[in-house]
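Understanding the architecture of this molecule
Residue strings, one per chain:
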Amino acid sequence: MVALGWASKEIAAALNISARTIDAHRAKIAEKLGTSSVAEFVRLTLADKGPA
């Protein structure tokens, strides 16, 4: 959902959890991937999938 551009509030509503939980998960993902922005995360995600 993050890679699709969903906001934390949208993801939280869809999963019926708090936006703070989403933010915590985003931070963990960024830490594990070594990224500092959603744009970097999306770039890594798309690069991992290869050419479309």
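Note that the structure is predicted; figures quoted are calculated from it, not measured. (Residues numbered from 1 in each chain as written. Predicted model: local features only at pLDDT ≥ 70, side-chain atom pairs only at ≥ 80, totals over all residues. Heavy atoms only, no water.)

**A short note on helix 1 (residues 8–15)**
- Taken residue by residue, helix 1 has Ser8, Ile11 and Ala12 as its buried positions. Each buried residue of helix 1 lies within a common arc of 100 degrees when the element is viewed along its axis, so the set occupies one face. For helix 1, the exposed residues set more than 90 degrees away from the buried face come down to Lys9 and Ala13.
- For helix 1, the elements touching its buried residues are helix 2 (19–33).
- In the stretch just after helix 1, Asn16 is the one whose phi turns positive, near 60 degrees. (Buried < 20%, exposed > 50% of the residue type's maximum accessible area, 1.4 Å probe, protein only. Helix = DSSP H or I, 4+ residues; strand = E, 2+ residues; numbered from the N terminus. Arc of directions from axis to C-beta. Contact = heavy atoms within 4.5 Å.)

**Remarks on the confidence of the model for the protein chain**
- Scored by pLDDT, the protein chain comes out at a mean of 86, with 90% of its residues at no less than 70.
- Least confident of the elements in the protein chain is helix 3 (residues 38–49), whose mean pLDDT is 78; most confident is helix 1, at 96. (pLDDT = per-residue confidence, 0-100.)

**Focus on helix 2**
- With 15 residues, helix 2 extends 21 Å from end C-alpha to end C-alpha; this agrees with the ideal 21 Å at 1.5 Å per step.
- At the exit of helix 2 stands Gly34, carrying a positive phi of roughly 75 degrees. (Expected span 1.5 Å × (residues − 1).)

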